[in-house]
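Here's the letter readout for the chains.
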Amino acid sequence: MDQSVIRPEIQKLIGIFQKTTPENLYKDIEGARINVSHIMSHISSFYEKIRNAIDYNEEHLLRKNAIQRILKRKIRVSMNRKNIGKTLIFELIRAGYLPNDAVPEIKIAEVDKAVHKYLSLLDYISKERGTTDKLKYFDWVMGMAAIEVEERLHLLKRNDALVTTMYQMLHKKIVFENDDGYDQTERNLFLYIAVHRGLIKSDNSIISYYLLNMYYPEFREGDQSVIHTVSADINILYENIQYYLRSSMSFKLAKFLQPHTVYFTILRDVIEEDVGTAYSKMLNGKAFDDGVRVAASKRYQLTSRKLARSIVNSVIYIFVTKIVVAFVLELPYELFVLEEFRIMPLAINVLFPPSLMFVIASSAKIPSSENTKAIVAGIKAHIYPGEHDVNNYKFKPVQKRTFSKTFSFTFIYAAIFITSFGAIVYGLRVLQFNIISILLFLLFLSVVSFLGMKIRGSVKSLNVLKGREGFISSFFDFLFLPILKVGQWISVKFSKFNVFAIFLDLVIEAPFKTIIALFEEWFSFMKEKREEIY
């Protein structure tokens, strides 16, 4: 392996990272910078932390979700489309998502134009297809608008560069061993989606934005004729994108690429540790190896801290939610319908979900030193050309099963499903649970199990070594899979129905942000008066 030469893709990646340091992000743009009151920023930032604490979202999606939330409030609540760009950027700075005294004022007009492009798209949909279709696509369109706002503010350059680099270095090396029925263009698209999902944990709205711009490259410029064309094709466009998002192929590819996502994640950490010396460090084999080991160790520690924080937040959130549900549903049902009160079912329903979350999530193990060695070797194979190059990575898609096999497996799975839930219901009946208590127990058992495994998976995803599953683990998965699938379905279908978050968005946030903006203007007015004196 020749360590005196670095692949051109990696050299380009380092160059982009050097140009996108916080001090260089807007360096090439001249003009005045946007300044907000530090006092108002502290207040807004505190509110944002509360808002994010009650909304169970991935940390890397918080800024995007905040942009989408502001857009929805501005359009749906205030019904005011004026100065959207200004309101958006000012609120993002106050909330701590953007640096103060750094964003050029010229970005206000650029963001405003970008947002109005999506509003025009919704207007065309409403005019030509009716209000029903506009409401159908509203959240989807606003999600993509939020991504473009981030892009216009230069906040996605590193993510885009990392995805592009990993995709370019792997797409010619992935060999599909079976005939999966897809042509090479479709395979490349599935691979691109898999890299997005695995490497930077993109959600569907992020991937939808990039696919939209693949299909309609001119849409970015905001020409009305192009917007009208997208509106006319919106049904086909939406279904086509959803087809690729829902396909199992991209999920299987993401799992197949998991070791490589770890390599590129740690590589990013090494570069970001000191972008100025990253290139020279790579040319020094020992220094680079040490840098990778340090970066991997820090990533383990960071993941461990996030795991602990997620466990605490989840346990508290579930415990509080379960108490509220108990007093709103279970207790009234027992007292006024059954006219009796059983303490054991109520106590189990309150204490079991948070306890289960703690047990599942805390069972995650930080990767070993052997895993770190494998990461060092994997990263070096990607950045240095030479004799140890891997010519291809063989991906074996699951072959389509015959109808008889599919029917048989589905029947067996249904039997497992019924057995798993049937055994739980029988046990609960023995403990004298009523119908409401049973339904709530099953609901929280499914959701908590899924969320717990998801949190646990954040640590497991750093492991590049293939471990062997024992009999007990396989048997546990065999019986527990139906519960996890139900939990996943509930989490996906009802993720938007967070009562506390909805209350804050509709009742608290709009007047709160209005008051903050008024105080901001007042402080600005007072500053002008002081300057007149001095």
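Higher on the page you've got the structure.
About the cut-offs
- Residues numbered from 1 in each chain as written.
- Predicted model: local features only at pLDDT ≥ 70, side-chain atom pairs only at ≥ 80, totals over all residues.
- Heavy atoms only, no water.
- Helix = DSSP H or I, 4+ residues; strand = E, 2+ residues; numbered from the N terminus.
- Contact = heavy atoms within 4.5 Å.
- Buried < 20%, exposed > 50% of the residue type's maximum accessible area, 1.4 Å probe, protein only.
- Axes fitted to C-alpha atoms, helices over the stretch in contact; angles between N-to-C directions.
- Parallel < 35°, antiparallel > 145°, perpendicular 65-115°, else oblique.
- Left-handed = near helix turned anticlockwise from the far one by under 90°.
- Nonpolar A, V, L, I, M, F, W, Y, C, P; charged D, E, K, R; others polar.
- Core = buried A, V, L, I, M, F, W, Y, C linked by side-chain atoms within 4.5 Å.
- Expected span 1.5 Å × (residues − 1).
- Phe/Tyr/Trp six-rings, centres within 6.5 Å; stacked < 30°, edge-to-face > 60°.
- Lys NZ or Arg CZ within 6 Å of the ring centre and 35° of its normal.
- Patch = residues over 30% accessible without salt bridge, like charges linked within 9 Å, V, L, I, M, F, W, Y side chains within 5 Å.
- Areas by Shrake-Rupley, 256 points an atom, 1.4 Å probe, with all protein chains shown as cover.
- Salt bridge = Lys/Arg side-chain N within 4 Å of Asp/Glu carboxyl O.

Participant: An account of the environment of Arg246 is requested, with residue identities and associated values reported.
Facilitator: Locating Arg246 in the fold gives a position in helix H11 (residues 234-246). Spatially, the C-alpha atom of Arg246 lies 9.5 Å from that of Asn204, the residues being 42 residues apart in sequence. Those residues in contact with Arg246, other than ones at most four positions away along the chain, are Glu239 and Phe251.

Participant: An account of unusual backbone geometry is needed here, citing residue identities and associated values.
Facilitator: A positive phi angle, near 55 degrees, is found at Asn83, a position not held by glycine. Take Asn83: its relative accessible area is 51%, and that puts it in the exposed class.

Participant: How would you sum up the packing of helix H9 (residues 204-215) against H11? Please name residues and give values.
Facilitator: Packing of H9 against H11 leaves a shortest axis separation of 10 Å and a crossing angle of 125 degrees. Put simply, H9 runs oblique to H11. When you trace H9 past H11, the crossing you get is right-handed. Side by side, H9 and H11 meet where Asn204, Ile207, Ser208, Leu211, Leu212 and Tyr215 of the first sit next to Leu237, Asn240, Ile241, Tyr244 and Leu245 of the second. By residue class, the composition of the contact of H9 with H11 is 8 nonpolar, 3 polar and no charged.

Participant: Account for the nonpolar core, naming residues and giving values.
Facilitator: The biggest cluster of nonpolar side chains holds 111 residues, and the ones touching the most others in it are Met142, Leu153, Leu267 and Met282. When residues of this core are assigned to their parent elements, the largest contribution, 10 residues, is made by helix H6 (residues 131-152). Contacts of Leu267, omitting those with residues within four sequence positions, involve Ile10, Leu13, Met282, Phe288, Ile379 and Ile383. Counting 28 residues, the second-largest nonpolar core is a separate cluster that includes Leu356, Leu428, Phe450 and Ile490.

Participant: Talk me through helix H5 (residues 106-129); I want residue IDs and the actual numbers.
Facilitator: Taking 1.5 Å as the rise per residue, H5 with 24 residues should run 34 Å; its terminal C-alpha atoms sit 35 Å apart, in good agreement. Gly130, located one to two residues past H5, shows a positive phi value of around 100 degrees.

Participant: Could you give me a rundown of the packing of aromatic side chains, with the residues and numbers involved?
Facilitator: As enumerated under the stated definition, the model contains 15 aromatic pairs in all. Residues Tyr167 and Tyr192 carry aromatic rings whose centres are separated by 5.9 Å and whose planes lie at 85 degrees to one another, so their mutual orientation is edge-to-face. Taken together, the residues span a long stretch of sequence, with Tyr167 in helix H7 (residues 157-170) and Tyr192 in helix H8 (residues 184-199) at a distance of 25 residues. Across the pair, exposure class does not vary: Tyr167 and Tyr192 are buried alike. Ring centres 6.0 Å apart and planes at 80 degrees place the aromatic pair Phe433 and Phe441 in the edge-to-face group. For Phe433, a relative accessible area of 1% puts it in the buried group. A residue is classified by how much of its surface remains accessible, and Phe441, at 8% relative accessible area, is buried. Through successive ring pairs, a cluster of aromatic residues spans Tyr182, Phe190, Tyr243 and Tyr244. Between Lys86 and the ring centre of Phe90, over which it is positioned, the NZ or CZ distance is 5.7 Å. The positively charged end of Arg197 is found above the aromatic ring belonging to Phe251, 4.0 Å away from the centroid.

Participant: Residue-level account of a nonpolar patch on the surface, with values.
Facilitator: Taken together, the side chains of Val312, Ile316, Phe319, Val320, Val324, Val328, Leu329 and Leu351 define a hydrophobic patch exposed on the protein surface, amounting to about 670 Å² of accessible area. For the nonpolar patch, the element with the highest residue contribution is helix H15 (residues 285-337), accounting for 7 residues. Among the structural elements, Leu351 can be located in helix H16 (residues 343-362). You can call Leu351 partly exposed: its relative accessible area is 49%.

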